[in-house]
Each structure stands twice: as C-alpha cells, then as structure tokens.
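# Examination of the molecular architecture
The residues making up each chain are set out below.
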Amino acid sequence: MNPLSRIDRYLCRAVLSAAGVVLLALTALVAVFALIEELGEGHSAYGALDAAWYVFLTLPRRVWELLPYVLFLGSLIGLGKLASQSELVALRAAGLSVSRLTGATAWAVALAWALGLATGEWIAPATEASAEAHKARILRDSAGLRGSAGIEFKGGYWYREGSLYMHVEALDDNGDLLGVRQYWLNDRGRLSLTREAVRAEYLRAADAGGDWLLRDGLETHLNDDKLLAQPFSELVWRGQIDPGLISERLLVDARKLSLLDLRRQISYLQREGLDATSQLIAFWSKCLQPASLFGLVLLALASVLGPLRDVGIGVRISAGIVVGLSFKYLQDLFAPMAAVYELAPALAVGIPIALCWAVGILGLRRVG
C-alpha cells in the first residue's frame, strides 16, 4: 500500500476526530442557550418539555450552520496537536509538501461536508418546519384557541399572482388553506371580483401549479353600476400556487430552508416582480458554503504551519474563535449591502469567502 495514502488517512482522522469533539461541545453549548431563550418567552402553555422538543427538532439546522466553524476549529486543533508533537515537522522533513497536506485535509473537509449536506438539505428543513409548526400550535392553544384546526400565520399570509391578491389565515394539518380571501383586479387596476372561502383543498397538479377546490364561500362581482354576490359550496380555482410553495415552511426563515424550497420561492417572487433579495442571499450562502469551508481550512493550515505552530491548545482555540467570529461578522456586514446598495447577492456572499481564500493562500505561500 502506498505510504502516502496512510498519511492521508492519518491526517484526515486527526482532523475529523478533533472536529467531532468540537461539534459535540458547540452543539451542546448552542442547545443550552437556545433552550434558555425558548424558556424566556414566558408563555404559560409553552413549558420546558415543549421548549426542549423545539430545540431538539432544530438541532440538525444548528449543526449545519455550525459546520464551517467546526471544521475550522477541528483543523486548527487536530493539525495543531500534530504540530505540537513535532509530527508535522517530521512529515515535512520526509518530503510532505504543503499542497499534499492541504489535499489530505481537503478530503476530511469534503467527507464532513457531504454528511452535513445530507443533514442540512433533507433532514434540517423538515425538522425545522415541524418545530415551528409545533410551537405555533402551542401558542395557538395558549391563546385560547384550543380545538381550532390549523396553524395560524401571524397577520396572515399574502400571495400575489398577476391580478390576484390572496390572503390566507392558516393551514390545517392536511395542508389545506383556511380563511381564504381572494381579490381580483381588472385591466384598469380596480377591484372586480372577491371570493371568501372557509377552506381551499389542493386537488391535482396542473402544468404550472394546480387546481384548488374552494369550499363554503361567497363570490362577489363588482361592476360599475351593481354588485352581485353569489354563495357557493364548491368552486374550482386554477392557480400557479401549489402546496410546496404555501406550507408549514412559510413559518421558517429563508436561511433555514433547503435549496429546493429557496429556488421555488425565488422563482415565484421573480415571476411576480417582488423582492427576492433575502431568499437570494440565503440561496447563495448555501451554494457557496463549500467554498467557505475550504477557505476557513486554508486559514487553519496557514495558522498551524505559521504563527500558531508552537503555541498551546488554548491559544489555538482562542485564535480560532476570533477568526471564526470575524468571518461571520464579515458575512453579516456584506449581506445587507445586497439590499441597501443593490449589490448582487452572489457577490455580497462571495466577498468574505474570497478574502478568506486570499489570506489563507497568502499564508500558505509564506510557509511553503
């Protein structure tokens, strides 16, 4: 067997084992603070068990968000331990180049990212929506609405489709819309038709969207000289909306959605000429996350081979926290610029990542 392959596995194991310890520590710390925050909301019906269940359901999303910093600290600590024991010095003396060391670490990062991607894109969005729905039901019950069906949106949810403006009050457990009000405008921009329905049930998929069955409602036609109101028990409405667009995921912040859900929301907002900046920022943040992972790992390698080669683990952890927070603050600084200064969302997300890569590559060149 090629001895370099054993070296690669050894370096990967050092990084992943350290990253595993960091992940457990940070996840436990974040979960404790999240539980304290949930318990501090002061709702009588929202007890400790409900809060703990909410935090538990949101853990996959929190782990996915922590992944870049976990791998950064894992690389810093794992490789730093090897440096402290002079193992990296021995490997370098045996002919291990900086590029080889970077490649071995990249394999560990790629493996961790693949596992994190499965969690962040398939498990986390579903559990996050379940957590928000669970919390919404508890708060609904605490408001004296126990027994009423549905998850109520705060202020309702507004949906626009061409000349249609629709307001939905809540969703029931089957995904049907509750408290539906539709307002249709004519070519002159004046209200020409309104509909009110107790519920709307999704029937089947159409070419774009699907058919909805409005139940137990009232349809009102507004003309220049008269007003005609007609009650109905059932009325089919064909729209471009589907349960994938209006669901429990509306309770979830954009940055916590999957790429598929974000793409669906962005397509809808752009189709209707609405602002999709926050969704685009979240979308590009997820798309460029691999680049941010490898950029932070380059920084870790440059630090271990350079200024942090002979320091203790406490100094490395402190330095890692400072660098990780600085990177996060840069991301939080540039992201709003996409909305304030009309900066392209991809560019706003990419600038901190590019800076991270530039500093990391420069540091590796100096020690190489």
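Before going into details, it helps to say that this report is about the structure given with it. (Residues numbered from 1 in each chain as written. Predicted model: local features only at pLDDT ≥ 70, side-chain atom pairs only at ≥ 80, totals over all residues. Heavy atoms only, no water.)

### Thoughts on unusual backbone geometry
A positive phi angle, close to 65°, is found at S86, a residue other than glycine. Among the secondary structure elements, S86 is positioned in the loop between α2 (48-84) and α3 (87-93). Overall, the relative accessible area of 43% leaves S86 in the partly exposed class. The backbone of D216 shows a phi angle near 50°, a positive value even though the residue is not glycine. If you trace the backbone, D216 turns up in strand β5 (residues 210-222). (Helix = DSSP H or I, 4+ residues; strand = E, 2+ residues; numbered from the N terminus. Buried < 20%, exposed > 50% of the residue type's maximum accessible area, 1.4 Å probe, protein only.)

### Observations regarding the state of the cysteines
Where two cysteines share a covalent bond between their sulfur atoms, that bond is called a disulfide. This structure, assessed with the given rule, holds zero disulfides. Looking at the unpaired C287, the closest cysteine sulfur is the one in C356, lying at 18 Å. When its relative accessible area of 33% is taken as the criterion, C287 is described as partly exposed. Using a relative accessible area of 5% as the deciding quantity, one classes C356 as buried. (Disulfide = S-S within 2.5 Å.)

### With respect to a nonpolar patch on the surface
A surface patch of nonpolar side chains, about 460 Å² in accessible area, is lined by I313, I317, I321, L325 and Y329. Mapped onto the elements of the fold, I321 is located in helix α8 (residues 313-334). The partly exposed category is assigned to I321, whose relative accessible area is 43%. (Patch = residues over 30% accessible without salt bridge, like charges linked within 9 Å, V, L, I, M, F, W, Y side chains within 5 Å. Areas by Shrake-Rupley, 256 points an atom, 1.4 Å probe, with all protein chains shown as cover. Salt bridge = Lys/Arg side-chain N within 4 Å of Asp/Glu carboxyl O.)

### So, the packing of aromatic side chains
The full count for this structure, using the stated rule, is five aromatic pairs. A centroid spacing of 5.0 Å and a plane angle of 15° characterise the contact between Y159 and Y268, whose relative ring orientation is stacked. Taken together, the residues span a long stretch of sequence, with Y159 in strand β1 (residues 151-161) and Y268 in helix α5 (residues 259-271) at a distance of 109 residues. Judged by relative accessible area, which is 5%, Y268 ranks as buried. Its guanidinium or amino end placed over the ring of Y54, K135 lies 5.0 Å from that ring's centre, counting from NZ or CZ. A cation over an aromatic ring shows up here: R263 above the ring of F283, its NZ or CZ 5.5 Å from the ring centre. (Phe/Tyr/Trp six-rings, centres within 6.5 Å; stacked < 30°, edge-to-face > 60°. Lys NZ or Arg CZ within 6 Å of the ring centre and 35° of its normal.)

### Digging into the layout of surface pockets
The space that makes up the largest pocket amounts to roughly 1,500 Å³. Along its surface, the largest pocket is lined by 47 residues, and E65, L66, Y69, R255 and K328 are the ones closest to its centre. Counting only elements with at least two residues in the lining of the largest pocket, the list comes to α1 (3-39), α2, α6 (277-287), α7 (289-305), α8 and α10 (345-367). Residues belonging to the lining of the largest pocket are distributed by class as follows: 28 nonpolar, seven polar and 12 charged. (1 Å grid on protein atoms, 1.4 Å probe; cavity = no way out; pocket = protein on both sides within 12 Å on 5 of 7 lines; lining within 4 Å. Points joined across faces, edges and corners; volume = space filled by probe spheres on them. Nonpolar A, V, L, I, M, F, W, Y, C, P; charged D, E, K, R; others polar.)

### Some remarks on the packing of α6 against α10
In the contact formed by α6 and α10, the axes pass within 8 Å of each other and the chain directions differ by 45°. Classified by the angle their axes make, α6 and α10 are oblique. The way α6 lies across α10 gives a crossing that is right-handed. Side by side, α6 and α10 meet where L280, I281, W284 and S285 of the first sit next to P345, A346 and V349 of the second. Across the contact of α6 with α10, the residue classes tally to six nonpolar, one polar and no charged. (Axes fitted to C-alpha atoms, helices over the stretch in contact; angles between N-to-C directions. Parallel < 35°, antiparallel > 145°, perpendicular 65-115°, else oblique. Left-handed = near helix turned anticlockwise from the far one by under 90°. Contact = heavy atoms within 4.5 Å.)

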